[in-house]
Amino acid sequence: MAAKIRFVNYPKQYQQLKKEFDGVFEEIMSGGDFILRRHLEEFEQAIASYVGVKHAIGVNTGTDALYLSAHALGFGPGDEVITVAHTFVATIGAIVQCGATPVLVDVADDFNMDMDKVEAAITPRTKGIIPVHLNGHACNMDRLMAIASKHKLKVIEDAAQALGAKFRNRRAASFGDTSIFSFYPAKMLGTAGDGGMVCTNDDALARKLRAFRDNGRVESVEVIECFGWCTRLDNLHAALLNMKFKHFDGWVERRRQIARIYDRELRNVGDIMIHPVSGADYFDVYQNYVVRSKHRNALFDHMRSSGVEVLISWRVANHLQKALKLDHFKLPVTERISNEVLSLPLYPELTDDEAGVVIDAIKRFFSSGKSNQ
């Protein structure tokens, strides 16, 4: 059945903001401002101010933001970098692409790095840690930064799913040596294609990152400061993002409203587990609303056949992907989560009635006895 409730509804957002979208396109196309122009600078300044950092550097993708960060921090052959397997593969890939060795630790029940497991993974070769703020829920950064400081380790915050999230009233992406965002279309702040950003408070590091993104150039096309890459955030994407960013806080509040509806209506339904359970230290922005069930696969099929588009991230844990050769890591919580997680539709344009359709479909699954088949 074709989805009645889409997981993300791009056309609906466009129709709601059509005049603004079209105005941005007309302005950029009529002015011919395509690469490293004012709109990118304005967007970078807006993100830096919002997060609470000195520098934000727009790049082509969140993946490139990770890789450039790892390269700028000097990760390389002989180094080990600690991260998690319950993340998009790019987090681990950035370590491998630098020639360093990924060391994977398990996650806790909030889907984020288990801070009780980190110190045991540190060896004399450890050079850095990449915590992942998954689903719009921040890691416990006080504990992580204390460990990093104690062992003199560099930290890259993977905040691709956490723009706006907070830990103890401080924005995710404001703690590490660098931090990264993704502006992939499905993100809370997404563009019409790919986009990414690196943030840092280190002036020298920021200059290096700007050089890396533009073939070694920073202030002059005639002066090459180093070998680099061509991975700039295009001006059109930056202008679209900057326009959308004006709506961002309202979108976050709407996400939180929908999450509260799901929380209320799905509590005590079947074996559904609602995660994460956040305390006063956390401000969640709900990039994804994720539930767990031991009947996940059957529930997934039921939702799709009911016209509700749901998503599984990730059905096969990264350390169990044979081609990656990471199966020497034993990560039981990660494996259990991979077998149980299901992400429900959640985006600002989703109406309360549409959220009700999602909830009713889940309730029908458990009341019909399909969970016992």
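The structure reproduced in this document is the subject of the present report. (Residues numbered from 1 in each chain as written. Predicted model: local features only at pLDDT ≥ 70, side-chain atom pairs only at ≥ 80, totals over all residues. Heavy atoms only, no water.)

Structural notes on the overall build of the chain
Filter applied, for reference: Under the scheme used here, helices are H or I runs from DSSP no shorter than 4 residues and strands are E runs no shorter than 2 residues, and both carry numbers assigned from the N terminus. To get the radius of gyration, use the C-alpha atoms; to get the globule rule, take the number of residues to the power 0.38 and multiply by 2.2 Å. Per-residue accessibility, obtained with a 1.4 Å probe over protein chains only, is compared with the maximum for each type, and a residue is labelled buried under 20%, exposed over 50%, and partly exposed between these values. We call two residues in contact whenever any of their non-hydrogen atoms come within 4.5 Å of each other. In short, Shrake-Rupley with a 1.4 Å probe defines the accessible areas, and a residue's cover is counted only from the protein chains shown. Under the counting rule used here, the positive set is Lys and Arg, the negative set is Asp and Glu, and His together with the chain ends is not counted. Every charge is mapped onto a representative atom, which is NZ of Lys, CZ of Arg, CG of Asp or CD of Glu.
When helices and strands are counted, the chain shows 12 helices and 13 strands. Radius of gyration (C-alpha) of the chain: 21 Å, near the 21 Å computed for a compact globule of 373 residues. Referenced to the eigenvectors of the C-alpha coordinate spread, the extents of the chain come out at roughly 70 × 55 × 40 Å. Relative to its full complement of 373 residues, the chain shows a buried share of 55%. The contacts in the chain between residues at least 6 apart in sequence include a share of 69% that link residues at least 24 apart. In the form shown here, the chain has an accessible surface area of approximately 16300 Å², with 50% of it arising from carbon and sulfur atoms. Counting 46 positive and 46 negative side-chain charges, the chain places the averaged centre of each group 3 Å from the other.

Describing the nonpolar core
Test applied: We define the nonpolar core as a collection of buried residues of types Ala, Val, Leu, Ile, Met, Phe, Trp, Tyr and Cys that are connected through side-chain atoms lying within 4.5 Å of one another.
F43, I47, I82, M113, L163, F181 and L189 are the most contacted members of the largest nonpolar core, which has 69 residues in total. Core analysis: the second largest hydrophobic core is formed by 30 residues, V269, L350, A361 and I362 among them.

Details of the sheet that holds strand 11 (residues 282-283)
To keep it simple, the criterion reads: If DSSP finds at least two bridges between two strands, the strands pair.
An order of 7-6-11 is seen for the 3 strands of this open sheet, with the pairing classed as antiparallel. One side of each edge strand has no neighbouring strand; the edge strands of this open sheet are strand 7 (170-171) and strand 11. Here strand 6 (residues 166-167) runs beside strand 11; their pairing, made up of 2 bridges, is antiparallel. Residue F167 lies in a different strand from strand 11, and its bridge partner there is Y282.

Quick notes on a nonpolar patch on the surface
Put simply, the test is: Distance thresholds for patches are 9 Å for like charges and 5 Å for nonpolar side chains (Val, Leu, Ile, Met, Phe, Trp, Tyr), applied to residues having over 30% relative accessible area and no salt bridge. Between Lys or Arg on one side and Asp or Glu on the other, a salt bridge is scored when a side-chain nitrogen of the former is within 4 Å of a carboxyl oxygen of the latter.
Taken together, the side chains of F25, M29, F34 and I35 make up a nonpolar region of the molecular surface, amounting to roughly 350 Å² of accessible area. Among the structural elements, M29 can be located in helix 2 (residues 18-31). Its relative accessible area of 41% is what places M29 among the partly exposed residues.

Overview of the sheet that holds strand 2 (residues 80-84)
Strand-to-strand pairing in sheets goes through backbone hydrogen bonds, with the strands running parallel or antiparallel. Threshold: Note on method: axes are straight lines fitted to C-alpha atoms, helices fitted across the in-contact stretch only, with angles between N-to-C directions ranging 0 to 180 degrees.
Pairing within the open sheet is mixed, and its 7 strands lie in the order 1-9-8-5-4-2-3. Bordering the open sheet on either side are strand 1 (55-59) and strand 3 (101-105), each of which pairs with just one other strand. Averaged over neighbouring strand pairs, the angle between their axes works out to 25 degrees when direction is ignored. The pairing of strand 8 (residues 178-182) with strand 9 (residues 196-200) spans 4 bridges and is antiparallel. By the bridge assignment for strand 9, S182 is matched with G196.

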